[in-house]
Each structure stands twice: as structure tokens, then as C-alpha cells.
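Structure at a glance
In case you want the letters, here they are:
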Amino acid sequence: MYTFKRSVTAIAVAASLGLTAPVMADSATSNIVGSIMANDYSQYTVTAADPKTGYSRQISIGDDGSYRFAKLPTGEYDITVSKNGRVVAQDKIRVSLGSNATANFNLLTDTGTEVIEVTGARVSAVDVSTTDSGLVIGELELDRMPVGRSITAVSLLAPGTIQGDQGFGDNTNASFGGASIAENSCYINGLEVTDTRQGLGCGSVPFEFYKEFQVKTGGYSAQFGRTTGGVVNAVTKSGTNEWEFATTATWSPAGLQEKGLKSRGNGGTGNVFRDDSVTENDTFDFTVSAAGPIIEDTLFIYALINPRSTENKFAADLNNGNAFYRADTEYHVREASGGDNLFWAAKLDWDISEDHRLSYFAYSNRNDTTDTINAYNPDTGVIGEEIGVNIRKRGGEAQSLSYTGYLTDDLSVSAMAGQIETQYATDPSNLDCPGVSDSRSIPNPVSGCGPGGSTGDNFDKNTQYRLDLEYVWGDHTLKAGLDIQQRESTRVTVPVGGHTYDYSSLAPNSSIQGIPFTNNTGATINYVSDRIFVGGGGFSSDLNAYYIEDQWQLLDNLVLNIGFRKDKFEGEGTTGKLLFEFDTDIAPRLGFSWDINGDGDSKIYGTWGRYYLPIANNTIYRAASGVSDTTTYYTFTGSDATTGAPTGTAPITGNQATSTNINSIPAIPEKAIFQTEEANPFARDELIIGYEQVINDDWSVAVSATYREVTSALDDYCGAYAYPYCLMVSPGKDATAYKDGVYYYGEGDPRNNLDEHDPNEDYSAFDLADGVADPGSRTTTTAEQIGLPEANNEYMALQTKLNYRTDNFRMNFIYTWSRSTGNFEGAVKSDIDQADAGVTQDFDFPALMDGAQGYQPNDRRHVFKLFGSYDINDDWTLGFNSSLTSGRPLSTFGQGYPDDNPDIYGSYGDTYYIFTGQCPDTNGNGGCDVEEKVYNFTPRGSAGRTPWLFNVDVSVAYNFSVSGVDMKASLDVFNVLNNIEVTSPNEHYEQRRSEGTYNQWYGAAYSWTAPRSVRLGFEARF
């Protein structure tokens, strides 16, 4: 018999797809619960046994006839009910990740006497004990469908999830329930593997190692925290009593990939902006695994190695943070193979006894990629000379040790200690050539002799500890636990060549952001900016939490979940001084589940909860790692023919100080200076109401409504009142903090020490800042003075899920209507691809929030998903995965504002005002004052929407056997219709920091849906 035959896998596949279940704190385990109906429960015992590992555990029946096996690994179990040692009932039951599998046995006849023959269980089709939302899917079903081999690809199968903006990278998390993509968390075998620096992306094991995924879109219990988006929870495979060896290979050849598109400036008639037509991705992925017993029935191992070979070719812009204002000028070839791209993973499970289990889990996904960079002309397609080679160090290592103990039939405990290390460094070979870009619309833009960028140490270490207790007391299942993380980071930034230059132009009557300069020459002038961003070191944050929860079986068909969680977040800068400290309010997690008919075939459920998001370590890096960030503006007479550096420079205002914009100083503030006393941690409230119904043996349906709202925002305010540091505030609230060297109380206030320390003119004031609060300087700035609006972010959704299951056909249909509105997105800012989690430009100045209220960049009103698989016969399987998604809203960003009051407008940022160039000289001074300028107001989302996205992926697999070895060959075709649509166009109407100067690349696409590609697969198991 073939391993892949439906006769073996039909039950497992059907059980692994479309389930909703709670995420458990010891998230690699699940529960079996149920009851028996008999006359005298004292004579009965129940046994749960895993025939694959020999594991067996026996418990007594409770006084009410109930039983519960807690914290079981996922898999299939034999459930046996015995009376005085004689088997009277038995059945098989499948336990999926994080779920309660329910099996009830009726041992009474119609007359009330006990049966004497062996009976089977009635297994509930709906998990009526849970109150959450999401999707569980196992590797058996994933192998049958065309799904990308990443955590993000799996999470996009769940309702309420959409793809994040590609500007953050292809493998970053999805957006869950209207939240930004930096608000999710990921777990593997209970170890959190979320990127701790910015919250973007997750650590991962070789895909073949995964056993089951749980994608949580809402309603998760008090056991979970530190996320205001969603949760992706995965478990890996384990060894059994049967030795199994396997090899798999997947190849995505560049030769079977369709060409991408090009976009052009000036409304599609100008030069090439982005060139996706030269993109080629060739990936070969090979695994060898071994699994089996080291000691039969006791000690098991699963080990895997994963050599990979990748070659990616693509055009790109210069990586210096100005991607919206310049065309592709580089051609990259990224290659990794051999020991530089060797993944491995292993898991050891030791069943010390039926009451004690110890597991060790470790992996490495570290890879070093050689990135060869050549000059590139996107208009001619000519690849020029090599300008540099970077070694990109990514991934890392992780390990964890977990213990599960059953101290009594009613009391169980689990504990975990683990650590994950991640690296992000880029080591360039060209350290001499500065970064040079040219935003001007001219025939021969200036270019440099290298790719620029920065260099320096860049890595994280996250050490974790968990302790979880569970006690069953009558109708109550009580849970409590501790959750501790120590997140350490190191990041040092040194600009390659010492500078980053950007050539720009400035239209007549236009101004430069943050600089007291207006072009009154009557003609367009050229200028160059020189940004120097340098600094960094080691910094850390400590996250501690505890929770308590009660699952109360109030009635036979009504369950209440009552939970509370409390978190504490602390962060330290490179000097070891405390930068922030937040002790959250108690966060409630409340829910109910009503088994309508008491038969497990339908339920109505609801949840309400509050979720807090910790401050990402990136915030500490930007605020308290000694970073100096200055940009100086010059006129110039020429440029160096080799390096591209400007020649004949002069400060654009005639004065070096007033021509320099200082965004960050190297002094490191302490908490009293940085964190305002009124600031509260970032929090979302969530309300979900849902209904699930089994229609018949094949069909089931579920509907739900979700409402989410940010109830407390936390962001940095960098306006005049925050000078010389940014302040961590809750927008719309007062701000009480100490000052350091510079005192500002508002424009025109006589208490300002402006004679020597004017924040708009005299930058020597920064020399007075030493990071220590000045005695007696505690000051409260009112919300009215600051001028920021209250943060607003709301998400509403209605979801319908329809599941179809037979032995040979499995199908999921999901439709989500949603609306995401507000004046900010969340931790990151997708419409400008700003990945500085927690410190985006939102709320930096009041002017940046004028017009910000509207539909958010992750507002995709309609999302349809249809996926599943069909077994043609025992040998052939077809898979499909399709989606239809409405477009996201577009904005038109400007670089100016009709008010130069320093209390309102600062030195940078994208506004919702476009300068028309009209500036009637009403006061007769021959200049162009800001109050005379004419602007067009373009609020968020008022520039239309991107096109609808339609995608169809298909797969076919053939199962066969050679000399007793089970094999499978597969073919996956992604975007089979080759339907390529724009996912993100350029929304910046004006050139960077140059109001009134048209950005030639406005409206040009900088990302599309991926063109058609093919993945070939093969596997053998013996």
C-alpha cells in the first residue's frame, strides 16, 4: 500500500483542514475530552494510546462521567474505556494542533441498563469548547495543494488575512484583521520565533520538518500575548517506533518563470522606473531526514538536513531609503549554496514515563548570500561594470527544552526554556564609494562607483522561559502561567564611504522641508543632500507576563472562558539606562461557546479581549543607541566623475547650521526624558461573534463578525516641544517629561531659552544634551499645545466559510468583507514602506496627521479564497489555491504644508498637501511666504484604488512505488493565468523634501503580483 493513498490519509487530511481551535501556551500539544454515560462511574477508566510511539496514559472517570487528557502531542490516538479491566468501548480520534478533540461514549441501553458489547464513540464535529477563530492545516493537506513553502503562504489561507506590502520583503508576515504586518507572533514547538527587532517575519525550519500549522486570526486566550494582529503556531514532526527515512527535492527553475513587467515615469511615457522583466529566481531545495526510536517506546528522534541552492537576479534601486524618487540603477545576482545555505533541524522526545515527557528541539536556518552588484541602465537594459559585492548574513540558530508532566489526573504542568539567535548583517566589499542617487528628471543622472549602504554588527538574541499549570476542579479547568523573554540586540551603523548623497531639484517658489530656504530665483535650481547616519551598539528589552484563566462548564452545553493577563515591558539603551517601562492594565479575555442542540454539531460563540503589543527593539535602536542622523543641503557646481560626490558645494542657505537638518543626536536619553508620564502601551480591543454548523457528513458552514479598535496608541512625537529628543507619547494626551539642555514652551513663549538654543536656528543647543534629566525641569505640555489628534484605527469584518469534505475531495471557500479605517495603520507604515516599528513618521508632527484619517493601506474590502484538493484515484491528486482580492486605497503625498509654525510642522515627513506652485506676492516683499502659497488638499485614500487581484495556482501529484519505496512526483504552477497586476504604485507626488517639485515617478508601479512560475517536486519514503 502506498503511503500517499487516500485509504491511509483521508481521515487525517479531513481533520487537518478548516478546524478552529485555541492556541495553547504549551502550543505543541492538544487535549482529548469527553464523557461516558453509565450507572456507576467509579468502576471505569479511560486510556489514550498512541500506537505509533507506544505512549499510553490511563485516567479515572470523574464523578460526573467526564474525562480529560491534557497536553497531548498531535496525532491519532486509540481511546479505550474499561470497566474493571474489561474493554467496553473504544474508538480512534484525531487530535489537531491546539484543539479539544471530543469523544463521548453512551454505555446505556434505552432501558437504562449498561451495554455489554464494545461500542464506539460519538465524536463532535464542531469543537464546542473553544471560542476563537482561525485555521488548522496539516502537512498532509499542504502537500496536496500548491502553497508556497513559507509561514506567510500558509497564513494567507486563513480568513481575515491578506498579503503584506512587498516593500517589506516577500517573506514578511501577512496582515491579520486590519493590523499592520509588524503586530503578529510566530511559534514553533512553543518557542517564539518572531523577529524581535521590528516584528517583520519569523524564523523558520526546513518546510519538510513542519507537521501542522495553526493560524490564529482572533479570540486567543490569556495564555497568549505580545501581539495585536495574529498568531502562527506550528509544530514539527517527531520520531515514532518505526524507522522512516525520506528524501525530498523541489526545484523552481528560472527557465519556467514568465517575465515580469516594467513601469515608467511621467504617466507611463517617461524613463523606466522599475524593471521586473529581468527578474529570475532559480531555487533547488533538497532534504534528507531520518526518524525513529533510539529506545523503543521511550526515546525518539527526528533529524533533517536541507542543503539549498538559490540564484536570484533582479534590478533594484540604490538602497539608501529614497526608493520612491529614483529608478533602478543596479543589477543584483544573489547566490547561496553549499555550507553557506545549509539548513538543519532535529527533535528528541523522551517519554520518561506515562506521566513525564521531555523534548529537545533545535534548528539552524542561517545562510550567507553573495550579492554581486553591477551598474544597470533600465532604459537600455545594459548591465554595466561590477560596483560591489555584499555578503548578506541572515537567519540564525534556535533551541528549546520542554517538559510536560501529569502530576495527578487533574493537575498537569509544562515548562519551556529556549533561545533564538538571528543575524541581519551585510558586509560590503566596497567600503570607499559613498551612496549616490539622483532624483532629477535629466538625461544623464549622476551615479556613483558603488552601491553605498551601511555596514556594522547586526544581530539579536531572544532568551525565553515559560511555566504553565492546569488543574481540573469540578466544572472548572483552571490555568495559570508565567511568560518571560529577554531580548538582546546589537546594531552598529556606519555609512559606506562616509556619506549618502542625493541630487534633487527645486521648483520656483518651493521650499525644502526643515530648512529656512525658499527658491525665489524664478527658475528651477539644483541641490544635493548629504545624509550621515552613524552610531549604535548593544541594547535590550525585558518582557514579563503572567496570566490566569478558567474554562467553566457552566451548563452541559455552555462553556465560559474567563481569563486575565498582565504584561510588563522594559527597555534599556546602549548605556544600560532604562529607556521605557510599561506595566499594562489587566487585559481581560472573555468568551463563551453554546452547543445549541447539545450534540456537537453546531455552536454560537463570542469573545471579547484586550491585547497589548510590546515596543520593538528597533525603537530602542533609533532612540537610545547613540545614533547621529544629520542631513545637510548644498548647492553644487559639478560632481566627481568617479565617485559621484558633489563638487563646488556651498550650504544652500549660506550657513552650515541652518542648512543642516538634525533628526537624531548621539546623546542617549533616560526614561524621564523619553517616556511621558501619560503614555500607555499600544493596545487593541477585539469583539467576535460567530456561528458554526455541520450541515451533513460532507458540508459545514461558519459565519462570524469581528470588530477591532486601537484603544491606546504609542508613538514618538518629534515636534518642537520634544526638542532635542523625540518623546514617546499616547497621541491626543498631555505629555509630562523632564527636559535636557533645551527648553521650549511654544512659539513666542517668554520662558523659551531661544537666545542661545533656538531649535530652528542655533544647533549648538544639541551640545547641551547629555541624556540626563535636568533637575527641576519636569514640564507638562498639554494635548492642545502638542496638537496631535487621538489615534484612531478601526477594523470591521464579516466572514463566511464553507467547507466540503469527502474521502477524495476537500474544499474550503472563504469570503471576507472588511473595512479598515483610521489615521494610522499600526506598528509600521505600509503606504510608504516604513519599517521602523513603533517610530514611523505618524504623529511625529501635527501637520503629518492633517488629512491622515481615511481608509488604511491594508483596507481590501472584498477577499474571496477557494482552495483544496481532489484525489482522482489512489495514484493521482489535483490541488488548487485561488483568490480574488479587491484593490487597496491610494493616496497622494506631498512634501510641504501651509503653515511654518514650528509647533505644527517639523523638518520631514509626507503630508497630504500638494503645492501648486502658485504664490501671489500679496505683501509685496518680492518673496514667497508660506501663507501666500496655494496648496491642494489630498486626504488619505482619495486617489483611487489599485486593481483587483485574481490568482489561480494548480498542482498535480502522482504517487507510485519502486522496489517497495513509496514515491511521489509533483508539479505546481503558480499564477497559472499569468495575471500580473500592480500591487503598489508610487504615491509620492513631489520630490523628496522638495515641495512643489513634481516627482517624475509618481504613479509608476514599484511592485506587481508574481508572474507565472513552476515548482517541480519529488519525494521518496522508506
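Provided above is the structure to which this section pertains.
To start, this report covers the structure provided alongside it. (Residues numbered from 1 in each chain as written. Predicted model: local features only at pLDDT ≥ 70, side-chain atom pairs only at ≥ 80, totals over all residues. Heavy atoms only, no water.)

**Overview of the overall build of the protein chain**
- Counting secondary structure elements, the protein chain contains seven helices and 60 strands.
- Relative to the compact-globule value of 31 Å for 1022 residues, the protein chain shows a C-alpha radius of gyration of 30 Å, a close match.
- Burial status across the protein chain gives 59% buried among its 1022 residues.
- Look at the contacts in the protein chain between residues 6 or more apart in sequence, and 72% of them connect residues 24 or more apart.
- As displayed, the protein chain offers around 37,200 Å² of accessible surface, 53% of which is attributable to carbon and sulfur atoms.
- Once the 72 positive and 133 negative side-chain charges of the protein chain are each reduced to a mean point, those two points are 4 Å apart. (Helix = DSSP H or I, 4+ residues; strand = E, 2+ residues; numbered from the N terminus. Rg over C-alpha atoms; globule rule 2.2 N^0.38 Å. Buried < 20%, exposed > 50% of the residue type's maximum accessible area, 1.4 Å probe, protein only. Contact = heavy atoms within 4.5 Å. Areas by Shrake-Rupley, 256 points an atom, 1.4 Å probe, with all protein chains shown as cover. Lys, Arg positive; Asp, Glu negative; His and termini not counted. Charge placed at Lys NZ, Arg CZ, Asp CG, Glu CD.)

**Section: a negative patch on the surface**
- On the surface, D63, D64, D475 and D556 cluster together to form a negatively charged patch.
- Examined against the element boundaries, D556 turns out to sit in the loop between β33 (525–555) and β34 (558–572).
- By relative accessible area, D556 is classed as exposed at 81%. (Patch = residues over 30% accessible without salt bridge, like charges linked within 9 Å, V, L, I, M, F, W, Y side chains within 5 Å. Salt bridge = Lys/Arg side-chain N within 4 Å of Asp/Glu carboxyl O.)

**With respect to the sheet that holds strand β14 (residues 210–218)**
- Judged by pairing direction, the sheet is mixed, and its five strands sit side by side in the order β9-β14-β15-β12-β13 without closing on themselves. In this open sheet, the two edge strands, each paired with only one partner strand, are β9 (133–138) and β13 (191–192). (Pairing = 2+ DSSP bridges.)

**Structural notes on the pairing of strand β6 (residues 86–95)**
- Note: strand β5 (residues 75–83) against β6, nine bridges, orientation antiparallel. Across the sheet, K83 pairs through a bridge with R86, a residue of β6.
- Between β5 and β6, which pair antiparallel one after the other, the connecting turn spans two residues, and N84 there sits at a positive phi close to 55°.

**Focus on the packing of aromatic side chains**
- Counted by the stated rule, this structure contains 40 aromatic pairs.
- Taking the centre distance of 5.9 Å and the plane angle of 65° together, the rings of Y67 and F69 count as edge-to-face.
- Y67 sits in the buried class, given a relative accessible area of 4%.
- Here the aromatic rings of Y331 and Y376 are separated by 6.0 Å at their centres, their planes lie at 40°, and the arrangement is tilted. Highlighted residues: Y331 in strand β21 (residues 330–336) and Y376 in strand β24 (residues 367–377), separated in sequence by 45 residues.
- The buried category is assigned to Y331, whose relative accessible area is 11%.
- Given the relative accessible area of 7%, Y376 is considered buried.
- Ring-pair connections join several aromatic residues into one group, and the members of that group are Y897, Y905, Y913, F915, Y935 and F937.
- Between R308 and the ring centre of F343, over which it is positioned, the NZ or CZ distance is 4.1 Å. (Phe/Tyr/Trp six-rings, centres within 6.5 Å; stacked < 30°, edge-to-face > 60°. Lys NZ or Arg CZ within 6 Å of the ring centre and 35° of its normal.)

**Focus on helix α4 (residues 617–624)**
- With six of eight residues buried, α4 is to be regarded as a mostly interior element.
- Residues N617, N618, T619, I620, Y621 and A624 constitute the buried set of α4.
- Packing partners of the buried residues in α4 comprise β31 (476–495), β33, β34, β35 (578–583), α5 (671–674) and β46 (727–729).
- Immediately beyond the C-terminal end of α4, within one or two residues, lies G626, with a positive phi of roughly 75°.

**Considering unusual backbone geometry**
- Residue P724 is bonded to the preceding Y723 through a cis peptide linkage, with omega at 5°.
- Tracing the sequence through the fold places P724 in the loop between β45 (715–717) and β46.
- Non-glycine residue K71 carries a positive phi angle of around 55°.
- The topology assignment puts K71 in strand β4 (residues 66–73).

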